[in-house]
Amino acid sequence: MSIVLENITKQWPGTLALDGVSIEIVEGRVHGIVGENGAGKTTLVSILSGAVQPTAGTLSMAGQPVAFENPAAAVANGVSLVSQEGSLVPHLTGAENICLGFEPVKSRFFINRREVQRQAEELAKQWFPDTAIALNRKVDELPYADQKVIEILRALHSRPKVLILDEPTATLPAKEKQSLWTLIRQLSDAGMAVVLISHFLQEVIDLCDEITVLQDGRKVSHLSNAGHEVTERQLIDLMLNRGQAGNQHRLPDGALTERTLAADAEIVVDIEGWQGERFHMDGLKVRSGEIVGLIGLTGSGHFEFAQSLFEPRLATAGRYRFKSKDVGRASVRDMKRCGAALIPDHRMINAMIGDWTVRENMSMAGIQETSLKPFGIVQTGRERAETQRLIKRLNIKTSSAETKIVELSGGNKQKVSVAKWQFASEGRYKLFVFLEPTEGVDVGAKREIHELIVSLAERGAAVIVASSDLLEIAHVADRVVAFRNGRDADQIARRDFSEAVFINAIAGVTQ
Amino acid sequence: MTMTTTIAPEKASRPMRIGTLIQKYSTLAVLIILFLAFAVGTDRFFTGTNLVNILQQISMLTIVAVGLTFGFAAKEMDLSVGYVVGLAGLLAPLLMVAGVPIPLSIVGALVAGLGVGLINSALVVGVGVPSLIATLAAGSILWGINFMISGGRAIYGGIPADYLAVGQGKVLGILPYPALIMLVIVGSSWFVMERTTFGRYLYAVGGNARAAELSGIKVRSYRVYGLALSSLFAAISGIILSARLGSGQPNGGETYLLDGLAAVFIGMTMLRPGTATVMGTFFGALLIGIMNNGLNLVGMDTYVQSIVKGIIIVIAVSVVSRTTKLKLL
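So, how was this worked out
- Residues numbered from 1 in each chain as written.
- Chains lettered and ligands numbered in written order.
- Predicted model: local features only at pLDDT ≥ 70, side-chain atom pairs only at ≥ 80, totals over all residues.
- Heavy atoms only, no water.
- Helix = DSSP H or I, 4+ residues; strand = E, 2+ residues; numbered from the N terminus.
- Contact = heavy atoms within 4.5 Å.
- Areas by Shrake-Rupley, 256 points an atom, 1.4 Å probe, with all protein chains shown as cover.
- Lys, Arg positive; Asp, Glu negative; His and termini not counted.
- Charge placed at Lys NZ, Arg CZ, Asp CG, Glu CD.
- Buried < 20%, exposed > 50% of the residue type's maximum accessible area, 1.4 Å probe, protein only.
- Pairing = 2+ DSSP bridges.
- pLDDT = per-residue confidence, 0-100.
- Axes fitted to C-alpha atoms, helices over the stretch in contact; angles between N-to-C directions.
- Parallel < 35°, antiparallel > 145°, perpendicular 65-115°, else oblique.
- Left-handed = near helix turned anticlockwise from the far one by under 90°.
- Nonpolar A, V, L, I, M, F, W, Y, C, P; charged D, E, K, R; others polar.
- Buried area = accessible area lost by both parts, 1.4 Å probe.
- Salt bridge = Lys/Arg side-chain N within 4 Å of Asp/Glu carboxyl O.
- Polar contact = N/O pair within 3.5 Å; in protein donor to acceptor, adjacent residues only side chain to side chain.

1. Here's the deal with the overall build of chain A
Counting secondary structure elements, chain A contains 17 helices and 24 strands. The principal-axis extent of the C-alpha atoms belonging to chain A is close to 75 × 55 × 45 Å. A fraction of 67% describes how many contacts in chain A between residues 6 or more apart in sequence connect residues 24 or more apart. For chain A, the exposed surface amounts to about 21900 Å²; the carbon and sulfur share of it is 50%. Here chain A carries 59 positive and 64 negative side-chain charges, and the mean point of each set is 6 Å from the other.

2. Notes on the pairing of strand β9 (residues 162-166) of chain A
All names here are of chain A. Of all five residues making up β9, five are buried, and the element is well covered by its neighbours. Summarising the sheet, strand β6 (residues 79-82) and β9 pair through four bridges and their orientation is parallel. When the sheet's bridge partners are listed, Val 82 is paired in β9 with Leu 165. Bridging between β9 and strand β10 (residues 193-197) involves five bridges; their strand directions are parallel. Of the residues in β10, the one forming a bridge with Leu 165 is Leu 196.

3. Details of the environment of B:Val127
Locating B:Val127 in the fold gives a position in helix α4 (residues 102-127). Along the backbone, B:Val127 and B:Leu61 are 66 residues apart, and their C-alpha atoms lie at a distance of 30 Å.

4. Some points on helix α9 (residues 302-310) of chain A
Counting buried residues in α9(A) gives eight out of nine residues, a clear majority hidden from the surface. Among all positions of α9(A), only A:His302, A:Phe303, A:Phe305, A:Ala306, A:Gln307, A:Ser308, A:Leu309 and A:Phe310 are buried.

5. Overview of the confidence of the model for chain A
This prediction gives chain A a mean pLDDT of 87; 96% of its residues lie at or above 70. Of the regions scoring below 50 in pLDDT, residues 244-250 of chain A engages in 10 contacts with residues more than four places distant in sequence or in other chains.

6. With respect to the confidence of the model for chain B
In low-pLDDT segments, the atomic positions of the prediction should not be examined closely. All names here are of chain B. Chain-level statistics for chain B give a pLDDT mean of 87 and a share of 90% at 70 or above. Within chain B, helix α1 (residues 14-41) has the poorest average pLDDT of any element, 75, and helix α7 (residues 177-195) the best, 96. Under a pLDDT of 50 for its full length, residues 1-15 has, in the predicted model, four contacts with residues more than four places off or in other chains. On the interface metric, ipTM, the complex scores 0.85, and its pTM is 0.81.

7. Comments concerning the pairing of strand β4 (residues 56-61) of chain A
All names here are of chain A. Where strand β1 (residues 3-12) and β4 come together, five bridges link them in antiparallel fashion. Opposite Leu 5, over in β4, you have Leu 59 as the bridge partner. As judged from the three bridges shared by β4 and strand β5 (residues 64-66), these two strands associate in the antiparallel manner. By the bridge assignment for β5, Ser 60 is matched with Pro 65. Here β4 folds back onto β5 in antiparallel fashion, the turn holding two residues, of which Ala 62 has a positive phi close to 50 degrees.

8. Considerations on the packing of α4(B) against helix α10 (residues 219-245) of chain B
Axes are the key here: two packed helices are described by the angle between their axes and the distance separating the axes. Residue and element names in this part refer to chain B. Closest axis-to-axis distance for the α4/α10 pair is 7 Å, and the angle between their directions is 150 degrees. Viewed along their axes, α4 and α10 adopt a mutual orientation that is roughly antiparallel. As α4 runs across α10, the sense of the crossing is right-handed. In terms of residue class, the contact of α4 with α10 is built from 15 nonpolar, six polar and two charged.

9. Some words on the sheet that holds strand β11 (residues 210-215) of chain A
Within a sheet, neighbouring strands are paired by backbone hydrogen bonds and run either parallel or antiparallel to one another. Residue and element names in this part refer to chain A. Here we have six strands laid out as an open sheet, ordered β6-β9-β10-β3-β11-β12, and mixed in their pairing. What marks the edges here is a single partner per strand, and that holds for β6 and β12 (218-224). The average angle at which neighbouring strand axes cross in this sheet is 20 degrees, direction not considered.

10. Describing the sheet that holds β4(A)
Residue and element names in this part refer to chain A. Pairing in this open sheet of four strands is antiparallel, and the strands run β2-β1-β4-β5 from one edge to the other. Of all strands in the sheet, those bounded by a partner on one side alone are β2 (15-25) and β5. Neighbour to neighbour, the strand axes of the sheet diverge by 30 degrees on average, direction disregarded.

11. Describing the interface of chain A and chain B
Taken together, the contacts link 36 residues of chain A with 22 residues of chain B. For the chain A and chain B pair, buried surface summed over both sides reaches about 2200 Å², with 55% attributable to carbon and sulfur atoms. By the criterion of area lost to chain B, the three top residues of chain A are A:Arg333, A:Trp356 and A:Met364, representing 21% of everything that side buries. At the surface where chain A touches chain B, the tally comes to two salt bridges. For A:Glu383, the salt bridge is made with B:Arg200, and the minimal N-O distance between the two is 2.8 Å. Put simply, chain A and chain B have 12 residue pairs in polar contact (both at pLDDT 80 or more) between them.

Here it is, written out as structure tokens:
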């Protein structure tokens, strides 16, 4: 049985997560869905599994329209989700987890343990006859791959027709992925309709019979992959190339004006052999006044690297000199004192206090500057005046400085996040690290934030921008470092900027 | 900043604003209603002596509750405060009976209280034990210690009269010292929490520890400060308690934990809903004090008072939980 999504649209406040997406998922086939962060994969999975209702569009199964009001309704209709985050109870056995919530009972009250074990084994034998999994052991004692298999079996317990696997191999060590791939193939061979969400593109190509590519909430392509003829390069092109998606904000190919840097500009960041658990940077020097863009696919290490410039403790080896001083494994506080600032991604989690006002959030990192020493008595008047100044200067749209931060739009929140590092400390910070600077920001504010980034550099700061938006990088950066598989792989000068060059660098195609 | 207030334009979200208004002031309304009801209902309530009496009665509770507020601000809950009250209330008399001068005895008791706070924070911040559990265990240990050092008996006889004056004397013959100490502590704590960077950082750590850390705030230190102040204030309260009773009681402070938490919770419904504030806590303690005092005057049994108090706590916390994400662990 197949499930058909027609013109599915999902409007969140301020963002269009899905824009008229149509997909057909067919039994006996593995359907891959790929796209960068924010492309709409998560929303799509949520709609398929009943966690979220579409704003417009229809779902139908076997020709009949269906509506999944909640996850239970989706399961009842035969759609099961294996979510990315582990959903197992660690102290129960594999069999107990598989039957969780549907335990066979005896004497009406007691769980029939033998029957639990038997049902689980039967299910395992039905789907994966050649694979031995210790169903009688506690799941937290099992290898990750086996835990994933148990999660899949648990989803199969409700006898679904469609199985959604959301990033099934993301948490697995490389060695264990192979065995899971075999099992996924077995599922579809046995007639299951499988939806595979993954950002490991080679995995998608090897496993899937067809692939849908999403970009900015739109379906940009549907590829048949029966002979595994799709290439990684082809997918990356479709995922990242906004020119092809009819986006008017196209990156002008070639011949970009270069900003001239003073020849004697101070070297702010000097990195050598800097590495952490998920990134490795051979060498990088960033001068005062320069903007370096970091690009790469999700998980390729550029975000982790950027973060480590503000949190050096994330690195395990290598040398990092900040303004010619070795920082070693300095704390965030030390880095701030030397003059480094971070404008993190996921701003409500990493940068803001939701209960607080615009003023309180803005002064969080600099309030000591406007306070009376030595006891740190807050001078309310000065604090307010400085907040007002920054609201005006960064054109932050808020009804007042005393408005709660959560009431602001994404772009204005982001401006507050930047303003935090200018609160009574204009010119003090010599390094600004931006992670996804315009995540969840509308077009107008996006341009203003780009101007803000450039103006920071023009006033003498070194700026590092890690973003999955290539156009953004092309607009602001003086040069680009591309990451592949956790390492810095390519350097691109501004005069060579073009979408093709960026995508080549990300995909690892040499010219 | 003095500026002429301009009337804000009508906003679409007006009904919600009325909702938050009701929520912000409902506790205050309950306080006023209780006050008026007792004033009208009994003739012994609204008299100068009784009102001073209420201040005196709530002073130790308020000090403990203000201490708890520091912990709450940093999202740490201290369940050992009741036994710290007991410990300090035993140690000071014990030291004095042993011949230690009054100031040194008081300092000794305060240091002991602070020490408990530091041990608590070593467990919470250093080892990573949730504060609820670490301080619960600490409370159990302290209860045992309190009985051990006192031999299970009250300490009295040989306590200098100057010490007793701390709990029993009055300024100008009107305001009892405990009430004065309480007012000074409430005032200075309010100033520290609302008007210094210390208070701002403490609230930042409780509001979003990750954001605070990435803003360069010493998150671990502020969690320590929160727990240390909470114990220190409990010790101050214990000293006043023993001076007022004229003796050290091995189980002297036990009621202050629950009543202190109640005061903080009630306070969290007002001013900045969901956040523990010094003034909110003070009003919470005042509410509990007025209720106890008034119900006493009406002649209601203590066990009924306990039931009424429990119901009020449930209502207060329900009001907060419905509108904010009240997370304590």
